[in-house]
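Listed below, chain by chain, are the residues.
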Amino acid sequence: MKATTIKGIAVGSVLGLAIGIGGYTFIYAKGASYLTNNSAACANCHIMQEHYDGWIKSSHRSVASCNDCHTPGNMVGKYWTKADNGFFHSLAFTTGDFPDPLRIKPRNRKITENACLKCHKDIAHDILAVGQGSEPLSCVRCHREVGHPK
């Protein structure tokens, strides 16, 4: 066989394998559901079930989806965050290398803090204006169970 034929077979095999594994994973993990704004998609992963159940009981259920608090308000930021989190969540859950209980990453905490400030800007503005010391006030630090009560 010629080198170009072998190279073509190798490229085709790698591409076919990537498409097959990607397709299977997308179907198995209900990948299309993550493109929606449906909060139930977050519970596709069993470790998130407790967080989803908490949100169902929360006061925020009637006014905010998971995406409203955990992704930026613009489309590019939203889907970049979903892709970034989705990749690292999948990697962590596949390898079993994740903290229990789950802890929010600094980047995601900032997104959530910004969502709090956006929705509660009238009262948050007054609170932030008072601020104490050099450490900024944190909505999540004091109100950590608002969106996910236990």
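Along each chain, the written sequence defines residue order, and numbers are assigned to residues from 1. Totals for whole chains, interfaces and linings use all residues, but because this is a predicted model, local features are given only for residues with pLDDT of at least 70 and pairs of side-chain atoms are given and counted only at 80 or more. Neither water nor hydrogens contribute to the side-chain values; these are computed over all heavy atoms in the structure.

1. Side note on the overall build of the protein
- A tally of regular secondary structure across the protein gives seven helices and zero strands.
- Under the scheme used here, helices are H or I runs from DSSP no shorter than 4 residues and strands are E runs no shorter than 2 residues, and both carry numbers assigned from the N terminus. Written out in order from the N terminus, the α and β elements of the protein read α-α-α-α-α-α-α.
- Throughout, radius of gyration means the C-alpha value; the globule benchmark is 2.2 Å times the number of residues raised to the power 0.38. The globule rule puts the C-alpha radius of gyration for 150 residues at 15 Å, and the 20 Å found for the protein is more than 25% above it.
- Each principal axis of the C-alpha atoms in the protein carries an extent, and together these give about 75 × 30 × 30 Å.
- Classification of residues uses two cut-offs on accessible area relative to the type maximum, computed with a 1.4 Å probe and protein chains only: under 20% is buried, over 50% is exposed, and between them is partly exposed. The burial tally for the protein puts 20% of its 150 residues in the buried class.
- When the accessible surface of the protein is summed, it comes to about 11300 Å², and 65% of that surface belongs to carbon and sulfur atoms.
- Neither His nor the chain termini are counted; the positive set is Lys and Arg, and the negative set is Asp and Glu. The location of each charge is read from NZ of Lys, CZ of Arg, CG of Asp or CD of Glu. Across the protein, the mean location of the 17 positive side-chain charges is 10 Å away from that of the 11 negative side-chain charges. For the accessible areas, the method is Shrake-Rupley and the probe is 1.4 Å, while residue cover comes only from the protein chains on display.

2. Describing the side chain of S138
- Tracing the chain through its elements places S138 in the loop between α6 (121–130) and α7 (139–142).
- Judged by its relative accessible area of 17%, S138 is buried.
- Of note is the side chain of S138, whose polar atom sits 2.6 Å from the side chain of E113.
- In this structure the side chain of S138 is engaged in a polar contact, spanning 3.0 Å, whose partner is the backbone nitrogen of R141.
- Only heavy atoms matter for contacts: two residues are in contact if any of them lie within 4.5 Å across the pair. Setting aside residues no more than four positions away along its own chain, S138 makes contact with R109 and E113. Definition of a polar contact: a pair of N or O atoms within 3.5 Å, with one able to donate and the other able to accept a hydrogen when the atoms are protein atoms, and with sequence-neighbouring residues admitted only if both atoms are side-chain atoms.

3. Here's the deal with the packing of helix α4 (residues 75–95) against helix α5 (residues 106–119)
- Close contact between α4 and α5 brings their axes to 12 Å; oriented N to C, the two are set at 145°. Read as a crossing pair, α4 and α5 show a hand that is left-handed. Across from W80, T81, D84 and N85 in α4, the residues of α5 making contact are R107, N108 and I111. The convention used is that axes are lines fitted to C-alpha atoms, helices contributing only their stretch in contact, and that angles between N-to-C directions extend from 0 to 180 degrees. In this scheme, a crossing is called left-handed if the near helix is turned counterclockwise away from the far one by less than a right angle; it is called right-handed if the turn is clockwise.

4. Things to note about the confidence of the model for the protein
- On a scale of 0 to 100, pLDDT captures the predictor's confidence in every residue. The pLDDT averaged across the protein works out to 85; a share of 93% of its residues lies at or above 70.
- Mean pLDDT in the protein bottoms out at α6, which sits at 75, and peaks at helix α3 (residues 66–70), which reaches 94.

5. What to know about the pattern of salt bridges
- Salt bridge, as used here: a side-chain nitrogen of Lys or Arg that lies within 4 Å of a carboxyl oxygen of Asp or Glu. According to the stated counting rule, one finds one salt bridge in the structure shown.
- Across the pair R107 and D84 runs a salt bridge, and its minimum N-O distance is 3.9 Å. Placement of R107 in helix α5 and of D84 in helix α4 is noted, with a sequence separation of 23 residues between them.
- Residue classification places R107 among the partly exposed residues on the basis of a relative accessible area of 37%.

6. Comments concerning α5
- The terminal C-alpha atoms of α5 lie 20 Å apart, and with 14 residues this matches the ideal 20 Å at 1.5 Å per residue to within 8%.
- Turning to α5, its buried residues number three or more, namely N108, I111, T112, E113 and A115. Between the first and last residue of a helix there are one fewer steps than residues, each counted as 1.5 Å, and that sum is the expected span.

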